[in-house]
Amino acid sequence: MGSAVDMHTHSHPRRPRIAVTLGDPSGIGPELIAKLLSNPANPQRADIVLLADRVELESAVADAAGVSVLLSDGAAGPHGAQLLEDNTASEFVTQRAEVSVASGARCLHQLKRALRLVEAGEIDAILFGPLNKSSLKLAGMTEEDELRWFAKQLNFKGRTSEINIAGPLWTGRVTSHIGLEEVAERITEQSTLEAIELLHRLRWESGIASPRLGVCALNPHNGENGSFGRQEIDHIRPAVAAARERGIDVQGPFPCDTIFLKREHFDGIVTMYHDQGQIAMKLLSFDGGVTMQGGLPIPVATPAHGTAFDIAGKNLAGIASTQNAFDIAVTMAERRILKAASGQPEGVAPPLKVGSLAQSTVVEVPSCC
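Quantities reported herein were computed from a predicted structural model and do not represent experimental measurements.

Engineer: Please explain the sheet that holds strand β8 (residues 249-254) as it appears in this structure.
Structural biologist: Sheets are built from strands that pair by backbone hydrogen bonding, the pairs being arranged parallel or antiparallel. The strand order β3-β2-β1-β4-β11-β10-β5-β6-β9-β7-β8 describes an open sheet built from 11 strands, whose pairing is mixed. In the strand order of this sheet, the two ends are held by β3 (82-84) and β8, each with one partner. Going across the sheet, the axis of each strand differs from the next one's by a mean of 25 degrees, ignoring polarity. Bridge analysis of strand β6 (residues 169-173) against strand β9 (residues 268-271) gives 4 bridges, and the strand direction is parallel. Bridging from a neighbouring strand, Thr171 pairs with Ile269 of β9. Against the sheet, helix α6 (residues 146-153) touches β4 (125-128), β5 (161-166), β10 (290-294) and β11 (300-303), its axis set at about 35 degrees to β10. Helix α10 (residues 274-285) rests against β5, β6, β7 (212-216) and β9 of the sheet, and its axis sits at about 25 degrees to β5.

Here it is in structure tokens:
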């Protein structure tokens, strides 16, 4: 209990501190978080602060068939999470498997609590259970997605991108939740370069010293030398060249219908729009996928799947995506802590020497059809 996170004094480097929320109370999020907190290996890796009331945690445990959640009597530590209640659950009356104002409002309430802890310097990363966009919209969220909502709440003006993760492969986007008719006009050299730089930084923060990136074309057959559009010639290729001049190991653009066949050569792929990467990623790893709210001042991760109303409360929810999201949030928080301890500025990967990129293996990605 308490209104603030109990702080341990750690020997350097300190343990990462992770705020966890249950997600939409009408879906499978509470069950997943209960299962996550029942694994004794997780509090060994990080100090976990669960933002929920005890009645909500008890309901979550019941959904998970009575798993034993590991809680600390005080501060979060290796033996259990800290339950940080604010005794407001009764103000949000929700029903299982239903879209509602109350469910969306409860999600936003707890996420705002997590962000206040971030602003107070008490938290290094956030993990949230699956959300339902319809409930969030009913509760007053006007932004196009959670990422933009987070950025607005933090008054963050820098580059952001939803990052999708399937095993060792990460994808970032130049454009995201917009209509297809708007995509082409938003593909510029600057927007593409920013997307490349962001994915490079995030892959470094995830533990890869020298990330290898590929970039998708926008048009069929990589544009066929301008026959099907000039975005590759005028914007994407110059962005790739500029990124390589800055020391980033990136190649492309490659035809988007075949680049994922060569995915073993890349740690990350920059796509031009939402479904260009999402179709491939969900085919590769629907059950274990993770979504990262990329570019924000701290790591924010969530399972890539939704609230799964059809199985809510039935103890059928698989933990893989939630566990993967936790692992990634912890790793990225650890890397940021180490980077801060070394005196490097926030928001950038280790300094790159301009023009210093070593000759990388050239990847041949065939065009199809």
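Let's pick the thread back up.
Engineer: Explain unusual backbone geometry here, please?
Structural biologist: Negative phi characterises most residues that are not glycine, and trans characterises most peptide bonds. Residue Pro253 is bonded to the preceding Gly252 through a cis peptide linkage, with omega at 5 degrees. Among the secondary structure elements, Pro253 is positioned in strand β8. Even without a glycine there, the phi angle at Ala65 is positive, about 60 degrees. Along the polypeptide, Ala65 turns up in the loop between α3 (54-63) and β3. The phi dihedral of Asn222 falls on the positive side, at around 60 degrees, and the residue is not glycine.

Engineer: Can you walk me through the nonpolar core in this structure?
Structural biologist: Formed by 55 residues in total, the largest nonpolar core has its most connected members in Leu50 and Ile196. Element by element, the count of residues in this core is highest for helix α11 (residues 320-341), at 7 residues. Among the nonpolar cores identified, the runner-up in size contains 25 residues, and Ala19, Val118, Leu131 and Trp149 belong to it.

Engineer: I tried to follow a nonpolar patch on the surface on my own but got confused; where do I start?
Structural biologist: Taken together, Val99, Val101 and Leu138 make up a surface patch of nonpolar side chains, about 250 Å² in accessible area. By the element assignment, Leu138 lies in helix α5 (residues 133-138).

Engineer: So what exactly am I meant to see when it comes to helix α4 (residues 101-119) here?
Structural biologist: Along an α-helix, residues three or four apart share an orientation, since each turn contains 3.6 residues. For α4, with 19 residues, the first-to-last C-alpha span of 27 Å sits near the 27 Å given by 1.5 Å per residue. Trailing α4 by a residue or two, Gly121 shows a phi angle of about 75 degrees, which is positive.

Engineer: Can you help me understand the environment of Val300 in this one?
Structural biologist: Along the polypeptide, Val300 turns up in strand β11. For the pair Val300 and Ala325, spaced 25 residues apart in the sequence, the C-alpha separation amounts to 8.9 Å. In this view, Val300 contacts Ile126, Phe128, Phe150, Thr291, Met292 and Gln293; residues no more than four positions away in its chain are not counted.

Engineer: Looking at this structure, how should I read the pattern of salt bridges?
Structural biologist: Oppositely charged side chains can pair when the atoms bearing their charge come close. Applying the stated criterion across every chain, the model contains 23 salt bridges. Between Lys133 and Glu146 there is a salt bridge whose closest N-O contact spans 3.0 Å. Highlighted residues: Lys133 in helix α5 and Glu146 in helix α6, separated in sequence by 13 residues. Of the charged contacts in the structure, one is a salt bridge between Glu205 and Arg201, with a shortest N-O distance of 3.4 Å. Residue Glu205 and its partner Arg201 are located together in helix α8 (residues 189-205), separated by 4 residues, close to a single helical turn. Of the residues examined, Arg201 reaches a relative accessible area of 9% and is grouped as buried. One continuous salt-bridge network, built from bridges that share partners, spans Arg201, Glu205, Arg336 and Lys339.

Engineer: Looking at this model, I keep getting lost on the environment of Leu338. Mind explaining?
Structural biologist: Looking at the secondary structure, you find Leu338 in helix α11. Leu338 sits 325 residues away from Pro13 along the chain, and the two C-alpha atoms are 6.9 Å apart.

Each value, and the rule that gives it
- Residues numbered from 1 in each chain as written.
- Predicted model: local features only at pLDDT ≥ 70, side-chain atom pairs only at ≥ 80, totals over all residues.
- Heavy atoms only, no water.
- Pairing = 2+ DSSP bridges.
- Helix = DSSP H or I, 4+ residues; strand = E, 2+ residues; numbered from the N terminus.
- Axes fitted to C-alpha atoms, helices over the stretch in contact; angles between N-to-C directions.
- Contact = heavy atoms within 4.5 Å.
- Core = buried A, V, L, I, M, F, W, Y, C linked by side-chain atoms within 4.5 Å.
- Buried < 20%, exposed > 50% of the residue type's maximum accessible area, 1.4 Å probe, protein only.
- Patch = residues over 30% accessible without salt bridge, like charges linked within 9 Å, V, L, I, M, F, W, Y side chains within 5 Å.
- Areas by Shrake-Rupley, 256 points an atom, 1.4 Å probe, with all protein chains shown as cover.
- Salt bridge = Lys/Arg side-chain N within 4 Å of Asp/Glu carboxyl O.
- Expected span 1.5 Å × (residues − 1).

Such coordinate-based values are descriptive only and should not be taken to indicate function.
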